[in-house]
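One letter stands for each residue in the lines below.
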Amino acid sequence: NDPAACDSPAIAAAVNPQRLANDLATLAMIGAREDGGVARLALDDNDTRARLWLVEQASELGAQASVDAMGNVFLDLPGSDPELAPVVTGSHLDSQPAGGKYDGALGVLAGLEALRALKAAGFTPRHPLSLVSWTNEEGARFSPGTSGSAVFCHVRSLEETRLIQDSEGVTMGHALDTCLAEMDAANVPRRSLATPMYAFIELHIEQGPILEREGASVGVVEGIQGVSWFEVTVTGTANHAGTTPRAHRRDAFEGACAVATALREAARDSEDRVRFTIGKFDVSPGSVNTIPDRVTFSIDLRHPEAATLKALEATFNDITQHTWAGCRVTLAALSRIEPVAFPDALTAQIDAAAGELGITAPRLVSGAFHDAIHLANHCPTAMLFVPCHHGLSHHPDEHTELDDAVVGTQLLAASLARLSR
Ligand code: HGY
Ligand code: MN
Ligand code: MN
Ligand code: MN
């Protein structure tokens, strides 16, 4: 280890913007949509192709690829002391159904580029270094999200996770076995779940407007707000659209609209810190001339304070006790992920690396959840954010400037070097 060759500026200089841009373009072709976005739902063919592409990058990096029973893909680089637990970076390759090119993918590719830069700068880590791509972070196909990291961190069991079904009734177990069969065919060795980690750093797009507004290329994340997902079911009576007077109706759509509005009103707060979203809304039997007898809709509820989240859940329970437009309502709590704060000891290391690179990296809290929310209970964990245009995300037009992605990658690489020395 020539100290000069391996200082933060030398490591940052070894980050290759064109290589990062090429990887982003290549990965964006896997599951490319006509509108410029990507569709790589967890464990579908495109997601599996993206994983296999990542595995193919291992040999050029001199890393060993492996996959665990949750389909989490790892690229491992040895350190001078193999007894030490690895310093790990990574994110996810699955996307929303109409997702952008950067959500998750940039964290995996920045991690890959950071490891390449460390090798190119002649840095030899004491701790092994690993890159990971977590399975089903988004939760768009199999709910809830962050399955791969949650099972890895013993937050959920593999057995219960394999039973989750998508909207077509396909279990995650079946989808996993299909994906793992492709991994086996590509001779990707298996690894055990929940291996020790010395530290985990995830780079991700901010998915909000703060960094762009502040003109910052990278930010250090202090923590992640909590999130609760619910499913509301409204049950009425199907009947003829033409012959049934309103007074005799138990119209599930009318009931659903009324209770959804009441819940949204209850979630309104003066500081605009509650995030309330109804993203899915299904009406059955779904016929133009039949009064709906059943409506289900999703709720995604978030807030930085766990106590406020819990209080809102209690209010939602009260509201859904009543009948709405004569229809019965049930509120099913699907998942809750508690908020986390990242340790100062780790973010201080990142601040020091930023200082050595002359980077000013503001602090911010993440409105989106990430795999790091579980890793925070497994090992010292931190996140870096890079700005995305107008804060737009979960949208085909999601965009991050290459310059910002490069600065984020440079800070990631320098931080990984500090932690693995
Ligand atoms: O929904 C989220 O917060 C994450 O981007 N999947
Ligand atoms: Mn993401
Ligand atoms: Mn996302
Ligand atoms: Mn994430």
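Bear in mind that the values here come from a model prediction, so they are computed numbers and not experimental data.

How two helices pack is summed up by the angle between their axes together with the distance between the axes. Close contact between helix 3 (residues 45-61) and helix 7 (residues 172-185) brings their axes to 10 Å; oriented N to C, the two are set at 30 degrees. It follows that helix 3 is roughly parallel to helix 7 by the angle criterion. Crossing geometry of helix 3 relative to helix 7 is assigned as right-handed. Of the residues in helix 7, those in contact with Thr48, Arg51, Leu52 and Val55 of helix 3 are Cys179, Glu182 and Met183. Taken together, the residues of the contact of helix 3 with helix 7 sort by class into 4 nonpolar, 1 polar and 2 charged.

Here the focus is unusual backbone geometry. In the segment running from Ser143 into Pro144, the intervening peptide bond is cis, with an omega of 0 degrees. For Pro144, the location among the structural elements is in the loop between strand 4 (129-134) and helix 5 (147-152). Following Ser284, the chain continues into Pro285 via a peptide bond in cis, with omega recorded as 10 degrees. When you line up the elements, Pro285 lands in the loop between strand 10 (281-284) and strand 11 (290-291). Despite not being glycine, Asn136 has its phi angle at roughly 50 degrees, a positive value. Here Asn136 lies in the loop between strand 4 and helix 5. Of note, the phi angle at Ala325 is positive, near 55 degrees, even though the residue is not glycine. With respect to the secondary-structure elements, Ala325 resides in the loop between helix 10 (306-319) and strand 13 (328-337).

Quick reminder: α-helices carry 3.6 residues per turn. Residues three or four places apart thus point the same way. Compared with the 18 Å implied by 1.5 Å per residue over 13 residues, the 18 Å span of helix 11 (residues 344-356) between its first and last C-alpha is a close match. Of all the residues in helix 11, the buried ones are Leu346, Thr347, Ile350, Ala353 and Ala354. Axial view of helix 11: buried residues confined to an arc of 110 degrees, hence all on one face. Exposed residues lying more than 90 degrees from the buried face of helix 11 are Asp344, Ala345 and Gly355. Against strand 5 (199-205), strand 6 (219-224), strand 15 (363-366), strand 16 (381-386) and helix 13 (402-420) lie the buried residues of helix 11. Following helix 11 by one or two positions, Gly358 adopts a phi angle in the positive range, close to 65 degrees.

So, on to the coordination of the manganese ion (ligand 2). Taken together, the protein ligands of the manganese ion (ligand 2) are His92 (NE2), Asp103 (OD) and His204 (NE2), with distances of 2.0 to 2.2 Å. Considered as a linear motif, the donors of the manganese ion (ligand 2) on their single chain read H-x10-D-x100-H.

It is worth spelling out the pattern of salt bridges at this point. Across all of its chains, the model carries 19 salt bridges by this definition. A salt bridge links Arg336 to Glu338, with the shortest nitrogen-to-oxygen separation between them at 3.5 Å. The partly exposed category is assigned to Glu338, whose relative accessible area is 35%. Through salt bridges with shared partners, a single ionic network connects Arg19, Asp23, Glu113 and Arg116.

Looking now at the layout of surface pockets. Unfilled space is identified by rolling a water-sized probe across the atoms. Size it by volume and the second largest pocket reaches roughly 160 Å³. Every residue lining the second largest pocket is counted, 13 residues in all, and those nearest its centre are Leu43, Asp44, Asp45, Thr48 and Thr178. Among the elements of the structure, helix 3 and helix 7 are those that each provide at least two residues to the lining of the second largest pocket. In terms of residue count, the dominant contributor to the lining of the second largest pocket is helix 7 (5 residues).

For helix 7, which comprises 14 residues, the first-to-last C-alpha distance of 20 Å matches the rise-based estimate of 20 Å (1.5 Å per residue) to within 8%. Along helix 7, the residues that are buried comprise Met172, Gly173, Ala175, Leu176, Cys179, Leu180 and Met183. All buried residues of helix 7 lie within an arc of 155 degrees about the axis, which places them on one face of the element. Turned more than 90 degrees away from the buried face of helix 7 sit His174 and Ala185, all of them exposed. Packed against the buried residues of helix 7 are helix 3, strand 1 (64-67), strand 2 (73-77), helix 5 and helix 6 (158-163).

Following the UniProt record, the feature "binding site: Zn(2+) 2" (unreviewed entry) maps to Asp103, Glu138 and His394 here. Look at the named residues: they lie 292 residues apart in sequence, but the longest C-alpha span between them is just 9.8 Å, so in the fold they bunch up. Counting through the fold element by element, Asp103 comes out in the loop between strand 3 (87-92) and helix 4 (105-120). The class for Asp103 is buried, based on a relative accessible area of 6%. Those residues in contact with Asp103, other than ones at most four positions away along the chain, are His92, Asp94, Glu138, His204, Ile205, Gln207, Ser393, His394 and Glu398. Tracing the chain through its elements places Glu138 in the loop between strand 4 and helix 5. With residues up to four places along the chain from it excluded, the contact list for Glu138 reads His92, Asp94, Ser95, Gln96, Asp103, Gly145, Trp229, Phe369 and His394.

So, on to the coordination of the manganese ion (ligand 3). The manganese ion (ligand 3) binds to the protein through Asp103 (OD), Glu138 (OE), Glu138 (OE) and His394 (NE2); the donor distances cover 2.1 to 2.5 Å. Linear spacing of the donor residues for the manganese ion (ligand 3) on their chain is D-x34-E-x255-H. In this structure, the manganese ion (ligand 3) lies 3.4 Å from the manganese ion (ligand 2), and both are coordinated by Asp103. In this pair, Glu138 sits in the loop between strand 4 and helix 5 while His394 sits in the loop between strand 16 and helix 13, placing the two residues 256 residues apart along the sequence. Glu138 sits in the buried class, given a relative accessible area of 4%.

Basis of the calculations
- Residues numbered from 1 in each chain as written.
- Chains lettered and ligands numbered in written order.
- Predicted model: local features only at pLDDT ≥ 70, side-chain atom pairs only at ≥ 80, totals over all residues.
- Heavy atoms only, no water.
- Axes fitted to C-alpha atoms, helices over the stretch in contact; angles between N-to-C directions.
- Helix = DSSP H or I, 4+ residues; strand = E, 2+ residues; numbered from the N terminus.
- Parallel < 35°, antiparallel > 145°, perpendicular 65-115°, else oblique.
- Left-handed = near helix turned anticlockwise from the far one by under 90°.
- Contact = heavy atoms within 4.5 Å.
- Nonpolar A, V, L, I, M, F, W, Y, C, P; charged D, E, K, R; others polar.
- Expected span 1.5 Å × (residues − 1).
- Buried < 20%, exposed > 50% of the residue type's maximum accessible area, 1.4 Å probe, protein only.
- Arc of directions from axis to C-beta.
- Donors = N, O, S within 2.8 Å, 3.2 Å for Na, K, Ca; no water.
- Salt bridge = Lys/Arg side-chain N within 4 Å of Asp/Glu carboxyl O.
- 1 Å grid on protein atoms, 1.4 Å probe; cavity = no way out; pocket = protein on both sides within 12 Å on 5 of 7 lines; lining within 4 Å.
- Points joined across faces, edges and corners; volume = space filled by probe spheres on them.
- UniProt positions renumbered as here; feature names shortened; annotations may be inferred.

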